[in-house]
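Analysis of the macromolecular model
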Amino acid sequence: MNHTTDTPAVRKPLRIALMGSRGIPATYSGFETFYEQLAVRLAARGHAVTVYNRRHHFKTHLPDYKGVRIVTLPSIPSKHLDTLTHSFLSMLHALWSGNDVFYLVIVGNSPLVWLAHLFGKKVILNVDGADFARDKWTGFAKRYLQWTERIAARSADVVIADSTVIERRYHELFGRDTLYIPYGANPQPRGERHYDSDVLARFGLTSGDYILFVSRMTPENRAHILVEAHRRSGSRRKLVLVGDAPYVDDYKREVQAACAASDNCIMTGYLFGDDYRQISSHCSYYVLPAGIDGTRPVLLDQMAFGNCVVVRDTPANMEVIGDAGLSFSDADDVDSLAAVIRRLDADQTEVEAMRGRALARVAERYSWDRITDQYEALFRSMQPGA
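This one's a predicted model, so the numbers in the text were calculated from it and none came from an experiment.

The rules behind each value
Residues numbered from 1 in each chain as written. Predicted model: local features only at pLDDT ≥ 70, side-chain atom pairs only at ≥ 80, totals over all residues. Heavy atoms only, no water. Helix = DSSP H or I, 4+ residues; strand = E, 2+ residues; numbered from the N terminus. Rg over C-alpha atoms; globule rule 2.2 N^0.38 Å. Buried < 20%, exposed > 50% of the residue type's maximum accessible area, 1.4 Å probe, protein only. Disulfide = S-S within 2.5 Å. Pairing = 2+ DSSP bridges. Axes fitted to C-alpha atoms, helices over the stretch in contact; angles between N-to-C directions. Contact = heavy atoms within 4.5 Å. Core = buried A, V, L, I, M, F, W, Y, C linked by side-chain atoms within 4.5 Å. Expected span 1.5 Å × (residues − 1). pLDDT = per-residue confidence, 0-100.

1. Things to note about the overall build of the chain
Within the chain, the secondary structure is distributed over 14 helices and 14 strands. For the chain, the C-alpha radius of gyration of 22 Å lies close to 21 Å, the compact-globule estimate for 386 residues. Seen through its principal axes, the chain has C-alpha atoms that stretch 75 × 65 × 45 Å. Counting the 386 residues in the chain, one finds 56% classified as buried.

Here it is in structure tokens:
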């Protein structure tokens, strides 16, 4: 009698190109964190992953990072041309490098989909939020971003929406179905991790006795709203603003002046690595005053630290926090945020309750490993011959 044994087919590793961000390791914002978390996990699963870095953004040009190939290319480092010029060069390089999967972030890069199609390649495009609505864009740049939303809807082979709010936007405005895959976070319960950082001592902070803001220091993230609300609240807690940004010097000076007028406000600039993790792990609570709809990775990050979070009541923010955070009114932002600050300063039990809820919600809904599973399945479906 002959016996046969079925063995599972060995799945070929994918060659994946991740383009459009500033690059990794993450030293700027959400897309960089997303690429780092996704790329490292995919590489650990045996895939050949390339991330394209912008030359001027990194002092050290690494050839690889935790199993991920790094290709560093130049750009025109200006507010309007930095992203598109770098993404164009990245796409050209990726097209000649034998990749199976082409993943782009930022809706303004959508015309590059046409370039890939000339070579018979399919492109996945993560459109983020309503980018044209950011205060830093005016005139032609704003009109360009509105136009590229239409290009994205018509040309990308797969459009990724990071929130159901953006998913509905593309369906209602353009009749385009998108694939909803949120960002992720790594749960890091408060008090269970210790970091090699003296950041609290450096800025004169006491654990549990300061309010935290972490975001790019750009107008749409509305740090100035938080500074004013904090002043009106009369809070005894320090307000700590973490972040910076290029090309918005006038706005940064406005926030610096408002912060300097208070005895209780500190601006740290960028903080990364253990400095960022340490300052996040010891705040009283975190506030996100940003007004642009779309999932904010930093919000998920702060929930993953087990922090009580306070957000502007935009649909995307409310989708993320569910019942695991507090909100203030978009219509009356300064006064309603000041009221929330007074409320939390007076009731530490509510802060503690929200910390537990936030951590549980992230663990249940926003696991990076689970999100990597979704992307790996998508990338395999996009593989030539699949």
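2. Focus: the state of the cysteines
Applying the stated criterion to the full structure yields 1 disulfide. Paired through a disulfide, Cys259 and Cys265 show a sulfur-sulfur distance of 2.0 Å. The S-S bond linking Cys259 to Cys265 shows a torsion near -110°; that makes this disulfide left-handed. With respect to class, Cys259 is no different from Cys265; both count as buried. Summary of cysteine pairing: Cys283 is not part of a disulfide, and the nearest cysteine sulfur, belonging to Cys308, is at 8.6 Å. By relative accessible area, Cys283 is classed as buried at 0%. Taking relative accessible area as the criterion, Cys308 reaches 0% and is therefore assigned buried.

3. Here we look at the sheet that holds strand 9 (residues 210-214)
Sheet architecture is open: 6 strands sit in the order 11-10-9-12-13-14, paired in parallel fashion. Of all strands in the sheet, those bounded by a partner on one side alone are strand 11 (265-269) and strand 14 (326-328). Ignoring which end each strand starts from, the neighbouring axes of this sheet average 25° apart. Strands strand 9, strand 10 (238-242), strand 11, strand 12 (285-288) and strand 13 (309-312) of the sheet are contacted by helix 7 (residues 223-233), whose axis makes an angle of about 175° with strand 10.

4. Focus: the nonpolar core
Membership of the largest hydrophobic core comes to 63 residues, with the highest contact counts inside it found for Phe34, Tyr103, Ile279, Tyr375 and Phe379. Take this core: its biggest share by element is 7 residues, from helix 1 (residues 30-44).

5. Re the packing of helix 10 (residues 297-304) against helix 13 (residues 348-365)
At their nearest, the axes of helix 10 and helix 13 sit 7 Å apart, and the two run at 115° to each other. Listed contacts from helix 13 to Leu300, Met303 and Ala304 of helix 10 are Ala358, Leu359, Arg361 and Val362.

6. Observations regarding helix 1
Between its first and last C-alpha, helix 1 extends 21 Å over 15 residues, near the 21 Å set by a 1.5 Å rise per residue. Of the residues making up helix 1, those classed as buried are Gly30, Phe31, Glu32, Phe34, Tyr35, Glu36, Gln37, Leu38, Ala39, Arg41, Leu42 and Ala43. Gly46 sits one or two positions beyond helix 1 and adopts a positive phi of about 100°.

7. Examining the sheet that holds strand 2 (residues 48-54)
The strand order 3-4-2-1-5-6-7-8 describes an open sheet built from 8 strands, whose pairing is mixed. Either end of the sheet is taken by a strand with one partner, and the two such strands are strand 3 (64-65) and strand 8 (179-180). Note: strand 5 (residues 101-105) against strand 6 (residues 123-126), 4 bridges, orientation parallel. Within strand 6, the position partnered with Tyr103 by the bridge is Ile124. In the packing of helix 2 (residues 82-95) onto the sheet, contacts are made with strand 1 (15-19), strand 2, strand 4 (68-73), strand 5 and strand 6, and the angle to strand 2 comes to roughly 150°.

8. A short note on the environment of Trp96
By the secondary structure assignment, Trp96 is in the loop between helix 2 and strand 5. For the pair Trp96 and Phe119, spaced 23 residues apart in sequence, the C-alpha separation works out to 9.7 Å.

9. Digging into unusual backbone geometry
Pro25 follows Ile24 through a cis peptide bond whose omega is 0°. Following the sequence through the fold, Pro25 ends up in the loop between strand 1 and helix 1. We note that Lys66 has phi near 50°; this positive angle belongs to a residue other than glycine. Considering the arrangement of structural elements, one finds Lys66 in the loop between strand 3 and strand 4. The exposure class of Lys66 is exposed, given its relative accessible area of 56%. A positive phi angle, near 55°, is found at Arg222, a position not held by glycine. On the secondary structure map, Arg222 appears in the loop between strand 9 and helix 7.

10. Notes on the confidence of the model for the chain
When pLDDT drops low, the exact placement of atoms in the prediction is not to be read closely. On average, residues of the chain carry a pLDDT of 90, and 92% of them reach 70 or more. The low-confidence segment residues 4-8, where pLDDT is below 50, has 0 contacts with residues more than four positions distant or belonging to other chains.

11. Section: the environment of Ala229
Relative to the helices and strands, Ala229 is located in helix 7. Between the C-alpha atoms of Ala229 and Asp333, which are 104 residues apart in sequence, the distance is 8.2 Å. When sequence neighbours within four positions are dropped, the list of residues in contact with Ala229 reads Val334, Leu337, Ala338 and Ile341.

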